[in-house]
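Okay, here's what each chain looks like letter by letter:
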Amino acid sequence: MPASHGPRAVPRHVACVMDGNGRWAAQRELPRTSGHRAAETTVIDVVEAARAAGVEWLSLYAFSTENWRRPTAEVDQLMHLVRRVVRKHAPLLHARGIRCRFLGVADPRIPPALTRDFADLTTLTEANRGMTLTVAFDHGGRQDIVAAARSLIREGVPADAVTERSFAAHLPFPDTPDVDLVIRTSGEQRISNFMLWQVAYAEWVFPPVLWPDFRAPHFLDCLHAYRRRERRFGAVRPEPPRGGSTPT
Ligand code: IPE
Ligand code: IPE
Ligand code: MG
């Protein structure tokens, strides 16, 4: 159905599972880390495209709690790369009025210098109101739900007082709106523990293109696909008015 049936033509919150870096490198007989390096251009392209399109919240899945299972050399290189990207693009993100924050980042294996760079970028951009860029790093959706449960129990909230709304208020970054659109590149069709609470009613698209090849036009295609969806949230479409006279 056309956008007129949905609340918004442009999704307010878009979340991307940036997948396919390893396959991109393998196709070129390069080490997997070359794929991660090539992902940088895509990240900047997508941030710019989202901002220009009027997306208010963009979340990027950069490293999952499960990604610690990868070979140490790959994990180390990823940390190094992310650090370089954060430092290099901080001025641009700030100049664009983007508020940046990092969802996750609790594991002691994360190099302290990287944690500091995340904190510095968060502080630098916290007053910005252009678009909120959430980088999910060392993120796990289940972990966030467990953290919310712990927080409620710690505060002594009685069981009967726990509602969806009060539960969500205990999640990390509780101001984050529900995800409207999830884009997972590379053709894989799974959630991989990403923002589980927030994606409850998201629309999903699975472009086959690998993340390092994904560019602004692909992103705009995804927004276009979203516009054609009819979001019903469990309800039914209002019946179109019937022709002819009303029965007596
Ligand atoms: C996504 O690309 C990046 C991270 C998970 C950090 P992958 O590294 O998962 O690429 P594929 O899935 O092996 O192609
Ligand atoms: C999900 O991708 C995590 C990120 C994109 C950061 P993976 O490639 O790690 O997920 P699986 O292993 O295919 O589920
Ligand atoms: Mg993958």
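Placed above this text is the structure.
What you are looking at is a predicted structure, and each value in this text was computed from that prediction instead of being measured.

The rules behind each value
Residues numbered from 1 in each chain as written. Chains lettered and ligands numbered in written order. Predicted model: local features only at pLDDT ≥ 70, side-chain atom pairs only at ≥ 80, totals over all residues. Heavy atoms only, no water. Helix = DSSP H or I, 4+ residues; strand = E, 2+ residues; numbered from the N terminus. Contact = heavy atoms within 4.5 Å. Near = heavy atom within 4 Å. Polar contact = N/O pair within 3.5 Å; in protein donor to acceptor, adjacent residues only side chain to side chain. 1 Å grid on protein atoms, 1.4 Å probe; cavity = no way out; pocket = protein on both sides within 12 Å on 5 of 7 lines; lining within 4 Å. Sits in = over half its atoms within 2 Å of the grid points. Nonpolar A, V, L, I, M, F, W, Y, C, P; charged D, E, K, R; others polar. Points joined across faces, edges and corners; volume = space filled by probe spheres on them.

**Q** Would you mind going over the side chain of S59 with me for this structure?
**A** Inspection of the secondary structure assignment puts S59 in strand β2 (residues 57–64). If sequence neighbours within four positions are ignored, S59 has contacts with H13, V14, A15, C16, T134, F194 and M195.

**Q** Is there a simple way to explain the site of ligand 2 in this structure?
**A** Near ligand 2 you find V17, M18, D19, Y61, A62, F63, N67, R70, R184, R190 and S192, and these make up its full shell. Within the side chain of R190, an N or O atom sits 2.8 Å from an oxygen atom of ligand 2. In this structure, ligand 2 is accommodated by the largest pocket. The element that contributes the greatest number of residues to the shell around ligand 2 is β2, accounting for three residues. Classifying every residue of the shell around ligand 2 by side-chain character gives five nonpolar, two polar and four charged.

**Q** What am I meant to see in the layout of surface pockets here?
**A** The gaps of empty space that remain are located by a probe, the size of a water molecule, rolled over the atoms. Computed from the structure, the largest pocket encloses a volume of approximately 830 Å³. For the largest pocket, the lining is made up of 39 residues, of which M18, N21, Y61, A62 and F63 are closest to its centre. Of all the elements in the fold, those that place two or more residues in the lining of the largest pocket are α1 (21–27), α2 (32–53), β2, α3 (72–95), β3 (98–104), α4 (112–125) and β4 (131–139). Of the residues belonging to the lining of the largest pocket, the class tally is 23 nonpolar, eight polar and eight charged. In this structure, the second largest pocket is lined by E164, R165, A168, L171, P172, F173, P174, T176, D178, W197, Q198 and A200. Of the residues contributing to the lining of the second largest pocket, the split by class is seven nonpolar, two polar and three charged.

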